[in-house]
Amino acid sequence: MSPVQSVSDKRFFRPGWFWAAPLAAVAVSSPPLSPWLQTTMAGHMLVQMPLLLLLGGAWGGRVTLLPAAADPWGLTGLVWFVGTHLFWWIPRSLDLATLQPGWGALMHGSLFAAGWALGQSWARAPFALQGTLAVHLVALLLAMGVIYQGALFVVCQSYPLEQQQEMGGLLFWGAGGLYLLLVVWAGIKLGGKKIG
Amino acid sequence: MLSAKSLRFFGFAMPLLTAGFWVGLIGWWTLGFTAFTATSHTFNLAGPLPRQAASLALVNHQGHFFSLIQPNGPYRLVYFHFLSCRQICPLLHSRHLEILRSLPPVKQANLELLAISVDPADTPDKLWAHLRHLDSPPNLVMAALDGPQPQSLQALGVSVVRKADGSYNHPAFSFLINPQGKMVLVVDGNTPPAQAARRIEKELP
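Residues numbered from 1 in each chain as written. Chains lettered and ligands numbered in written order. Predicted model: local features only at pLDDT ≥ 70, side-chain atom pairs only at ≥ 80, totals over all residues. Heavy atoms only, no water.

J.: So what exactly am I meant to see when it comes to the overall build of chain A here?
T.: Across its full length, chain A holds 8 helices and 0 strands. Across the 196 residues of chain A, 48% fall into the buried class. When contacts within chain A are restricted to residue pairs at least 6 apart in sequence, those whose partners lie at least 24 apart make up 76%. Of the roughly 9400 Å² of accessible surface on chain A, 76% is carried by carbon and sulfur atoms. (Helix = DSSP H or I, 4+ residues; strand = E, 2+ residues; numbered from the N terminus. Buried < 20%, exposed > 50% of the residue type's maximum accessible area, 1.4 Å probe, protein only. Contact = heavy atoms within 4.5 Å. Areas by Shrake-Rupley, 256 points an atom, 1.4 Å probe, with all protein chains shown as cover.)

Rendered as structure tokens:
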């Protein structure tokens, strides 16, 4: 099986993204865009990081590594995505990525790879697994929002306290919005079907 | 080509191995899930309390050079700041003065309050000028680092980061160091001053 192929997850097949996604990821990770995005905590965590994940996700439908038979539910890719995401949300990791260019490059590359893993695993995953992952993400954002907004000390050393609190507010309300979207998505997906 | 059985095994083992990898990596990275921030990581890495404090070469507001660890020196309550800080540091100064005033006079006399600036731009002259503005007791000493000492700070358990805007992030902790050079107590910046004073009082002779 060739490593470059169209996978069975046709919904994620985007031929134009084969070159566009990695090139856009390099642009987002390099000057002048990257330092500009990283001047604020929100720009770093709510724009640059999700953008790299999305670009990796767009690429994920085009280039596959694990054949569907070896990863039928896309679990490996989903676990890889969760692990990478959690690692870079650790304040110490984020500080290093902001302050040291080598760590920054590692973060950008690994987030693109995590998006790629998610892109090729999402459509393979059953609805219950997709829902679990989505709820996990909303819960993580909500918890981080509460921590950042409520902490009276600097959690991430690279950013001042006021940016941290602003970020907390955005995460809190953003997670609330995502939760509503999640409910709507689940409603559409189930189409009024009874579960169980 | 792998057989269907091997592929099924692969599909079962790979997610487990991947999860194991991330749990192991994050566990190691956070010192066993105990230190998630740069501040807590540096502090935990320095070791449990009480511990021998790393020495720092300092210069005080009068221009005298001295070391953080001095044999038979006073008990020192150390905190970090920088003069251009307009947010947390002024609160830290008032907080420490309040802690000092909350102690009984006998205990106050046995304690030196040592405010160490992490900014190389804070010269003894500037520290002296700043000290005159504060309603400070005689046992408050302002000091600056005598040159960059990142390894000593790290060994002390203090993480200092210079941000892109030229300001600094440093812990808002109070470190109590005894005359034998041991760090015997660390109080975090969120502890109310009266409560911090009670904890410090227990450690003082």
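From this point, the discussion proceeds with the structure in view.
J.: Whenever I open this one, the sheet that holds strand S3 (residues 65-67) of chain B confuses me. Can you help?
T.: The strands that make up a sheet are held in pairs by hydrogen bonds between backbone atoms, and each pair lies either parallel or antiparallel. Residues and elements named next belong to chain B. If you trace the 8 strands from one edge of the open sheet to the other, you get S1-S10-S9-S4-S5-S6-S2-S3, paired in mixed fashion. Edge positions in the sheet fall to strand S1 (51-52) and S3, since each has one partner strand and no second. Against the sheet, helix H5 (residues 124-133) engages strand S2 (57-60), strand S4 (75-81), strand S5 (111-117) and strand S6 (140-145), with an angle of about 155° to S6. Along the sheet, helix H7 (residues 193-203) makes contact with S4, S5, strand S9 (174-177) and strand S10 (182-187), crossing S10 at roughly 160°. (Pairing = 2+ DSSP bridges. Axes fitted to C-alpha atoms, helices over the stretch in contact; angles between N-to-C directions.)

J.: Please clarify how the packing of helix H3 (residues 89-102) of chain B against H7(B) should be interpreted in this entry.
T.: A packed helix pair is summarised by two numbers, namely the angle formed by the two axes and the spacing between the axes. Residues and elements named next belong to chain B. Look at H3 against H7: their axes get within 8 Å of each other, and the N-to-C directions meet at 55°. Judged on the interaxial angle alone, H7 and H3 are oblique. Seen from above, H3 lies across H7 with right-handed handedness. Between H3, through Arg95, Glu98, Ile99 and Ser102, and H7, the contact on the second element is made entirely by Pro193, Ala194, Ala196, Ala197 and Ile200. In terms of residue class, the contact of H3 with H7 is made up of 6 nonpolar, 1 polar and 2 charged. (Parallel < 35°, antiparallel > 145°, perpendicular 65-115°, else oblique. Left-handed = near helix turned anticlockwise from the far one by under 90°. Nonpolar A, V, L, I, M, F, W, Y, C, P; charged D, E, K, R; others polar.)

J.: Can you walk me through the pattern of salt bridges in this structure?
T.: Residue and element names in this part refer to chain B. Scanning all chains against the criterion turns up 1 salt bridge over all chains. Of the charged contacts, one joins Arg76 and Glu112 as a salt bridge, the two residues approaching to 2.7 Å between their closest N and O atoms. Remark: Glu112 occurs in strand S5 and Arg76 occurs in strand S4; sequence separation between them is 36 residues. Given a relative accessible area of 16%, Glu112 falls into the buried group. (Salt bridge = Lys/Arg side-chain N within 4 Å of Asp/Glu carboxyl O.)

J.: I keep staring at the interface of chain A and chain B and nothing clicks. Help me out?
T.: Buried accessible area, meaning the area lost when the parts come together, often serves as the stated size of an interface. At the interface, 30 residues of chain A touch 26 residues of chain B. Of the roughly 2500 Å² buried between chain A and chain B, counting both surfaces, carbon and sulfur atoms make up 68%. Looking only at chain A, the three residues that lose the most surface to chain B are A:Phe87, A:Arg92 and A:Gln157, adding up to 30% of its buried area. On inspection of chain A and its partner chain B, the count reaches 0 salt bridges. Our count for the contact surface shared by chain A and chain B stands at 7 residue pairs in polar contact (both at pLDDT 80 or more). Per-element tally for the side of chain A that touches chain B: the top contributor is helix H4 (residues 75-89) of chain A, with 8 residues. Here the side of chain A that touches chain B is composed, by residue class, of 21 nonpolar, 6 polar and 3 charged. (Buried area = accessible area lost by both parts, 1.4 Å probe. Polar contact = N/O pair within 3.5 Å; in protein donor to acceptor, adjacent residues only side chain to side chain.)

J.: Would you take a moment to explain the packing of aromatic side chains for this structure?
T.: Pairs of aromatic rings are described using the distance from one ring centre to the other and the angle between the two planes. Residues and elements named next belong to chain A. According to the stated counting rule, one finds 18 aromatic pairs over all chains in the structure shown. Relative to Trp185, the ring of Trp122 lies with its centre 6.1 Å away and its plane at 35°, an arrangement referred to as tilted. One end of the pair, Trp122, is in helix H6 (residues 101-122); the other, Trp185, is in helix H8 (residues 161-190), and 63 residues separate them in sequence. Residue Trp122 is classed as partly exposed on the basis of its relative accessible area of 23%. (Phe/Tyr/Trp six-rings, centres within 6.5 Å; stacked < 30°, edge-to-face > 60°.)

J.: Honestly, helix H7 (residues 127-150) of chain A in this entry has me stumped. Any pointers?
T.: Two residues of an α-helix separated by three or four positions point the same way, owing to the 3.6 residues in each turn. Residues and elements named next belong to chain A. Between its first and last C-alpha, H7 extends 34 Å over 24 residues, near the 34 Å set by a 1.5 Å rise per residue. Looking at H7, one finds that the buried residues are Gln130, Gly131, Leu133, Ala134, Val138, Leu140, Leu141, Met144, Gly145 and Tyr148. Here the buried face of H7 lies against helix H3 (41-60), H4, helix H5 (91-99), H6 and H8. (Expected span 1.5 Å × (residues − 1).)

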